[in-house]
Amino acid sequence: APTGTGTGRLRSLPALPLVGSLLQLAGHPQLHLRLWSLQGRYGSLYGLWMGSHYVVVVNSYQHAREVLLKKGKAFAGRPRTVTTDLLSRGGKDIAFASYGPLWKFQRKLVHAALSMFGEGSVALEKIICREAASLCETLGAAQDMALDMAPELTRAVTNVVCSLCFNSSYRRGDPEFEAMLEYSQGIVDTVAKESLVDIFPWLQIFPNKDLALLKRCLKVRDQLLQQKFNEHKEAFSGDTVRDLMDALLQVRLNAENNSPEPGLELTDDHLLMTVGDIFGAGVETTTTVLKWAVLYLLHYPEVQKKIQEEMDQKIGLARHPHLSDRPLLPYLEATISEVLRIRPVSPLLIPHVSLADTSIGEYSIPKGARVVINLWSVHHDEKEWDKPEEFNPGRFLDEQGQHIHSPSPSYLPFGAGIRVCLGEVLAKMELFLFLAWVLQRFTLECPQDQPLPSLEGKFGVVLQVQKFRVKARLREAWRGEMVG
Ligand code: HEM
Ligand code: PLO
């Protein structure tokens, strides 16, 4: 139709007054898997009711691309929920703010700042390598012990974003870092996971354990952010911009001097929440992917061996890996791509909202509908992927094994379009360098007396890995060799 609205009516799950379709969803903590399996009965595109909210679930890449790319602007909204409103002070950040001029301005600023400090800058590569070296040192000291790598990986990644956002970093055992680990876990466990308070906001008036935990954790996070903010405000001179926080302060200073455009005033809350987003996303996503990568290497030692052979051949032992080595190590790059496919960090992206009456395929979608893109379904579609549950980095390589490419368009680990991830370049730099540094020196193994840890994820705002232990064995060639 010329108006862009479809004619068909979408199939929907049965819904009861008040609760909507919750009966079909109840008791399934792994929401992405439940929404995936409902395709059998309702097709790949269907509707359902979460309380009074109409939700459209997209399970195919064709529809996902239509929502994100072709009609990106019509679907660029975000829902307001109790938990994300608490996290972002009512949508004053980027990820959970709805589409609008201020959001566009914030996103553009952060994008520019990230390109200035990050992508393509020698300084950032140096910072990542500094953290990779420190990570390797820790692994070396814990050699042959059954080590929980999670805190070590988190600290390495945290220090990279910390340098970027605040021009600071944490040492091992730093109490502020330990506090951050704890509050961040609490937030990941409670925010934006379609919990009942987000479906029925009136439930807030009752005592609720998750909500209390979220509020407690946010208090700690907010104190930490506020302290960094105050320090930066005091030290900021307007001449030197050391980090993202300074960059945002400078934009505001310029705006104040040139009288701000109406509607584009950045308040303290906007600056704080924006940095909070980059910090939170910067830590939780990249750390999660590294954990998944390590876990898959334990399960597939032949993949690990192949990465190491490629590295021995192309880089050797005499020097450390650099970012410019990326084209030399296609098998490592393919492994990273495969990890992002098989265990998408953000299995349902962040929900989108239609900003006008529109359509998906032949179906009309009313304004205000929530649209959930099930990336799990897109990445496990049997029509698009050969044995989707099999971990096979080779599927991302061309016939000569020299170049990486996606064999299917059904691959969107960072989303696409107006709301595409802001950190893709940064994340890929980190994933490559951290894995290359560790695997050049160590072979990662499952401790002898323990079973292989589970590959099942835990659904939440990111798809979490269950805790597991690793033995990092110094590779033969490094024994007795000068390290560093
Ligand atoms: C949004 C994936 C790392 C910052 C997203 C989205 C996905 C995603 C799927 C949602 C897109 C949508 O709703 O349509 C990933 C993956 C990462 C990663 C797989 C790591 C491998 C990062 C990093 C940063 C970051 C390191 C920060 C520097 C953001 C922000 C948004 C976002 C700010 C919100 C964008 C918006 O709503 O406009 N990411 N991300 N991400 N990501 Fe990432
Ligand atoms: C992670 C916990 C932090 O304490 C706060 C935070 C901020 C931004 C969120 C991030 C959390 C989780 C991952 C998110 C990110 C914005 C974009 C990213 C949702 C909740 C993804 C993968 O979409």
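### Topic: the overall build of the protein
Secondary structure summary: the protein contains 17 helices and 8 strands in total. In summary, the protein has a C-alpha radius of gyration of 23 Å against a globular reference of 23 Å for 484 residues, a match within 12%. Its C-alpha atoms put the protein at 70 × 60 × 45 Å along the principal axes. In the protein, buried positions account for 55% of the 484 residues. In the protein, of all internal contacts separated by at least 6 residues, the share reaching a separation of at least 24 is 75%. Carbon together with sulfur atoms contributes 55% to the accessible area of the protein, which is approximately 21500 Å² in total. Computing the positive centroid from 53 side-chain charges and the negative centroid from 55, the protein places the two 4 Å apart.

### Some words on the packing of aromatic side chains
If you walk through the whole model with that rule in mind, you get 12 aromatic pairs. Ring geometry for W49 against Y54: centres 5.2 Å apart, planes inclined by 45°, an arrangement best described as tilted. The class of W49 is partly exposed, set by a relative accessible area of 33%. An angle of 50° between the planes, with centres 5.1 Å apart, marks the rings of Y300 and F391 as tilted. Of this pair, Y300 sits in the loop between α13 (268-299) and α14 (301-314) while F391 sits in the loop between α16 (375-379) and α17 (424-441), and the two are 91 residues apart along the sequence. As far as the burial class goes, Y300 and F391 line up, both buried. Each member of the aromatic cluster is reached from another via a ring pair, and the members are W292, Y296, Y300 and F391. Geometry around W385 places R341 over its ring, the cationic atom sitting 5.1 Å from the centre. Residue placement shows R343 over the ring face of W292; its charged tip is 5.5 Å from the ring centre.

### Brief notes about empty space enclosed by the protein
Under the criterion given, the structure shown has 3 cavities of 30 Å³ or more. Computed from the structure, the second largest cavity encloses a volume of approximately 50 Å³. Considering the residues around the second largest cavity, the lining is formed by L135, M149, L153, L290, V294, F434, L435, V438, L439 and L444. Mapped by element, the contributors of at least two residues to the lining of the second largest cavity are α13 and α17.

### Side note on the coordination of the iron atom of ligand 1
In this structure, the iron atom of ligand 1 receives exactly one donor atom from the protein: C421 (SG), at 2.3 Å. Relative to the helices and strands, C421 is located in the loop between α16 and α17.

### Focus on the layout of surface pockets
By volume, the largest pocket is sized at about 540 Å³. As for the largest pocket, its lining consists of 24 residues, of which A150, T154, Q185, K291 and V465 are closest to the centre. Those elements giving two or more residues to the lining of the largest pocket turn out to be α8 (150-166), α9 (175-190) and α13. Ranked by residues supplied to the lining of the largest pocket, first place goes to α13 with 6 residues. Along the lines of polarity and charge, the residues of the lining of the largest pocket split into 12 nonpolar, 7 polar and 5 charged.

### So, the sheet that holds strand β6 (residues 370-373)
Here 4 strands make up an open sheet; going across it, the order is β1-β2-β6-β3 and the pairing mixed. Each edge of the open sheet is held by one strand with a lone partner, namely β1 (45-50) and β3 (352-353). Direction of pairing for strand β2 (residues 53-58) relative to β6: parallel, over a ladder of 4 bridges. Residue pairing in the sheet places V57 in a bridge with V372 of β6. Lying over the sheet, helix α4 (residues 61-70) contacts β1, β2, β3 and β6, oriented at roughly 130° with respect to β6.

### Let's talk about the site of ligand 2
In the vicinity of ligand 2 lie 17 residues, with A95, S184, I187, E284 and I350 positioned nearest. Contact between ligand 2 and S184: an oxygen atom at 3.5 Å from a side-chain N or O atom of the residue. Protein burial of ligand 2: of its 480 Å² of free accessible surface, 90% is covered by the chains. Within the residue set of the shell around ligand 2, elements represented by two or more residues are α9 and α13. A total of 5 residues in the shell around ligand 2 trace back to one element, the largest contributor, which is α13. In terms of residue class, the shell around ligand 2 is built from 11 nonpolar, 4 polar and 2 charged.

### Examining the site of ligand 1
The full set close to ligand 1 counts 26 residues, and R78, R107, H352, R419 and C421 are the nearest of them. R78 places a side-chain nitrogen or oxygen 2.7 Å from an oxygen atom of ligand 1. Taking I350, its main chain carries an N or O atom lying 3.4 Å from an oxygen atom of ligand 1. Elements supplying a minimum of two residues to the shell around ligand 1: α6 (101-117), α13 and α17. The dominant element in the shell around ligand 1, judged by the number of residues it contributes, is α13, at 6 residues.

### With respect to the nonpolar core
Ranked by internal contacts, the top residues of the largest apolar core, which has 115 residues, are F434 and L444. Setting aside residues up to four positions removed in sequence, F434 forms contacts with I128, E131, A132, L135, A156, V157, V160 and L290. One finds Y54, Y61, V67 and I360 within the second-largest nonpolar core, a separate group that totals 20 residues.

### Considerations on the confidence of the model for the protein
When pLDDT is averaged along the protein, the result is 90; 94% of the residues meet or exceed 70. Among the prediction metrics, the complex's ipTM stands at 0.98, with pTM recorded as 0.95.

What counts, and where the lines are drawn
- Residues numbered from 1 in each chain as written.
- Chains lettered and ligands numbered in written order.
- Predicted model: local features only at pLDDT ≥ 70, side-chain atom pairs only at ≥ 80, totals over all residues.
- Heavy atoms only, no water.
- Helix = DSSP H or I, 4+ residues; strand = E, 2+ residues; numbered from the N terminus.
- Rg over C-alpha atoms; globule rule 2.2 N^0.38 Å.
- Buried < 20%, exposed > 50% of the residue type's maximum accessible area, 1.4 Å probe, protein only.
- Contact = heavy atoms within 4.5 Å.
- Areas by Shrake-Rupley, 256 points an atom, 1.4 Å probe, with all protein chains shown as cover.
- Lys, Arg positive; Asp, Glu negative; His and termini not counted.
- Charge placed at Lys NZ, Arg CZ, Asp CG, Glu CD.
- Phe/Tyr/Trp six-rings, centres within 6.5 Å; stacked < 30°, edge-to-face > 60°.
- Lys NZ or Arg CZ within 6 Å of the ring centre and 35° of its normal.
- 1 Å grid on protein atoms, 1.4 Å probe; cavity = no way out; pocket = protein on both sides within 12 Å on 5 of 7 lines; lining within 4 Å.
- Points joined across faces, edges and corners; volume = space filled by probe spheres on them.
- Donors = N, O, S within 2.8 Å, 3.2 Å for Na, K, Ca; no water.
- Nonpolar A, V, L, I, M, F, W, Y, C, P; charged D, E, K, R; others polar.
- Pairing = 2+ DSSP bridges.
- Axes fitted to C-alpha atoms, helices over the stretch in contact; angles between N-to-C directions.
- Near = heavy atom within 4 Å.
- Polar contact = N/O pair within 3.5 Å; in protein donor to acceptor, adjacent residues only side chain to side chain.
- Core = buried A, V, L, I, M, F, W, Y, C linked by side-chain atoms within 4.5 Å.
- pLDDT = per-residue confidence, 0-100.

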